[in-house]
Amino acid sequence: MKTYLNPIYSCAAPIELSGPPHHWPVVVAGAGPVGLCAAIDLAQRGIDVIVLDEDNTVSVGSRAICWAKRTLEIFDRLGCGDCIVGKGVEWNVGRVFFRDEQIYQFDLLPEAGHRRPAFINLQQYWVEQILVERCLGLPQTELRWHNKVVGVTPRSDHVAIRVVAPEGEYTILADWLIVADGARSPVRGMLGLESEGQAFRDRFLIADVLMHSDFPTERWFWFDPPFHRHQSALLHRQADNVWRVDFQLGPDADPEEEKKPEKIMPRLRAMLGDNTEFEIEWASVYTFQCRRMRSFRHGRALFVGDAAHLVSPFGARGANSGIQDVDNLIWKLELVMAGQAPESLLDSYATERAFAADENIRHSTRSTDFITPKSEASRAFRDATLLLAKHHAFARRLVNSGRLSLPTTLEASVLSTQDRAGEAFASVVPLGGAAVDAPVEGPRGVWLLSYLDGGFTLLVFDNSVPADAVEVLANDANSCNVVQVGGKSVAGASRVEDSERLVAARYDGKPGTCYLFRPDQHLCARWRSFDLQSLRGAIARATGQAYVEAMEAA
Amino acid sequence: MIAHSLPGTLLNTQPNIQAPDDFYQELVDMHRDLSAQQSALVNAKLILLLANHVGDPVILREAMRAARQDIEPDQSDGTRG
């Protein structure tokens, strides 16, 4: 590749080779974007973590390119948001073409007042490299390259992991194993577990092309374009003048044949025009699957990312959902490891993220069915929709070239406390939803999300929480920070100014309104007035105490 | 108020078209000079236009169920799967 040279990482010989098996709190299998985020989140919480990877570099070729707003906000919390956003290209607008006409255009973030855009595009290897560099700056992480997991033995209080390193073979003992070893997940196989679902037959050519072009930084999707009749195509900009091109090839294409440059070049020439200079950076032919494991938790093995669930690429729901898995899991694991929450809290990881996986699979399967119709009737409705979309607004809503990744609202989560009777909130954030950003002024910067930083946070409008309650909450075992929006400063609380009145607008904030956010910034309780006992009850529920009470009652 | 075909349903299956023979002829005429594939496309467009006009998901679901009535799955269809 011209624009990227894969770094070659090395590491010291594992200490296990010069002594008895060492015991670690957490081992992560797989140094992809999801595994690396898990390691960073753990390290930021002061937990030692070993990451094992069979390779010694980042992703070869780009693969994932679209990083959604929510993922960028998680990167912010993990201390690498600016670096990743700075390297990537921002985009909010998508256009859909049918044959030679534009039929539809959408803006994924039509309002101002958010730190991060709807999406950035950045090649997966760049994201991984930035995450590796972040890990290297955290003394709690140890990245072991060329260390391949070859056996896993689950025990009731730990997992024994057999590893082959260049210097020899050894066993490592982990209190918890996070399995982030990708779609084929060798560890899942070693544990005799399966990911179940559906495989799709259509083949796609994916190519990263280096070219200097004045195409805008937007997502362009074609149905049946003149340059690639009866199939679909996608063009998307990445960093360093690299463009992602995706061609649907149909089910009968020969993958070996289609990978050859002499086959790819005429396709690209037809799309990009005779006068555009370009070079192929990387190309691959793929099919895809939608599947998930029945449970993402098996004792002390916790599955995240592609190892746990797989989607089609339409909608950018793969890597983005994997990083949201980590966001959901790590704070729970920290509390369980510290003895501040029952182990059953981890079951809520499995149920919440299985719910999210089902949502992602549903969206991605529907997009796939629209893009690659499986029957004559399905094709007729697809083409009818596209023809109507040119003239009629209603049909544009039916066009599905990928419903792009949004954070899952954890509806009906057992960790959420239901609203008090008679209290209503016209908030853009529903119960179980991820916090929405807004501009503020205060001691920790100009964005609201910077104040929801890894622990429980009570966002309260006006000075409605008394100082003695702020102190009590700060000293509880599962402590809670208080962030007050406006009002007279209360000792111990952070105070922000709602400089553009957008916090109040987005959260339907009135004096006294309280929002309780979990450490992953999801809303788990809200009230129109502060009550210490209700708040402590909600934190108890959100840390899995309600689980235990329900079990004991049963 | 027109009586509906089944108690508890919203889909009106009682006569509601003023001049049924005229409508029927127009429906068939709409397909004049079209191949089977083009007709399928026109039918699909018509369904989508009418479905959007109706809007109510309960009525649409009842209509789909009524449309599938008496049609058995085709065992010879090798394309499904």
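Criteria and cut-off values
- Residues numbered from 1 in each chain as written.
- Chains lettered and ligands numbered in written order.
- Predicted model: local features only at pLDDT ≥ 70, side-chain atom pairs only at ≥ 80, totals over all residues.
- Heavy atoms only, no water.
- Phe/Tyr/Trp six-rings, centres within 6.5 Å; stacked < 30°, edge-to-face > 60°.
- Helix = DSSP H or I, 4+ residues; strand = E, 2+ residues; numbered from the N terminus.
- Buried < 20%, exposed > 50% of the residue type's maximum accessible area, 1.4 Å probe, protein only.
- Lys NZ or Arg CZ within 6 Å of the ring centre and 35° of its normal.
- Expected span 1.5 Å × (residues − 1).
- Domains from an automatic or database assignment.
- Buried area = accessible area lost by both parts, 1.4 Å probe.
- Salt bridge = Lys/Arg side-chain N within 4 Å of Asp/Glu carboxyl O.
- Nonpolar A, V, L, I, M, F, W, Y, C, P; charged D, E, K, R; others polar.
- Core = buried A, V, L, I, M, F, W, Y, C linked by side-chain atoms within 4.5 Å.
- Contact = heavy atoms within 4.5 Å.

A. The arrangement of the packing of aromatic side chains in detail. Residue and element names in this part refer to chain A. Per the stated rule, a full pass over the model turns up 26 aromatic pairs over all chains. Ring geometry for Y9 versus W145: centroids 4.7 Å apart, planes at 20 degrees, classification stacked. Note that Y9 is positioned in the segment before β1 (23-29) and W145 in the loop between β8 (141-144) and β9 (148-154), a separation of 136 residues in sequence. Just as Y9 is buried, W145 falls in that class too. A ring pair is formed by F97 and W220, whose centres lie 5.2 Å apart and whose planes are at 55 degrees; its orientation type is tilted. With F97 in strand β5 (residues 93-98) and W220 in strand β14 (residues 219-223), the pair connects residues that are 123 residues apart, well separated along the chain. Residue classification places F97 among the buried residues on the basis of a relative accessible area of 11%. Its relative accessible area of 16% is what places W220 among the buried residues. K87 extends its terminal NZ or CZ atom over the ring of W126, reaching a point 4.3 Å from the ring centre.

B. Representation of helix α8 (residues 319-337) of chain A in the model. All names here are of chain A. With 19 residues, α8 should reach 27 Å at 1.5 Å per residue; the first-to-last C-alpha distance of 26 Å fits that figure. Here α8 lies mainly inside the structure; 17 of its 19 residues are buried. Looking one or two places after α8, you find G339, whose phi comes out positive at around 75 degrees.

C. Here's a closer look at the domain arrangement of chain A. Residues and elements named next belong to chain A. Taken domain by domain, chain A holds domain 1 (15-90 + 113-195 + 290-364) and domain 2 (448-553). In this structure, domain 1 and domain 2 have C-alpha centres spaced 29 Å apart. Carbon and sulfur atoms supply 48% of the area that domain 1 and domain 2 bury against each other, a total of about 1,500 Å² over both sides. Three residues, R77, W331 and Q340, lead the burial of domain 1 against domain 2; their summed loss comes to 33% of the area buried on that side. Where domain 1 packs against domain 2, one counts 1 salt bridge. In this structure, the salt-bridge partner of E352 is R518, at a minimum N-O distance of 2.8 Å. Going through the elements one at a time, α2 (69-77), α8 and α9 (345-371) are the ones with two or more residues in the side of domain 1 that touches domain 2. For the side of domain 1 that touches domain 2, a count of residues per class yields 5 nonpolar, 7 polar and 9 charged.

D. Focus on the nonpolar core. Residues and elements named next belong to chain A. Within the largest apolar cluster, 104 residues are counted, with the highest numbers of intra-cluster contacts made by I84, I161, I178, L458 and L516. Broken down by element, the residue count for this core peaks at 9 residues, all from α8. Each of domain 1 (15-90 + 113-195 + 290-364) and domain 2 (448-553) accounts for three or more of the residues forming this core. Beyond its immediate sequence surroundings of up to four residues, I84 is in contact with L72, F75, I120, L122, V127, I130 and L131. Formed by 40 residues, the second largest nonpolar core is a distinct cluster that contains F223, C290, L388 and A389.

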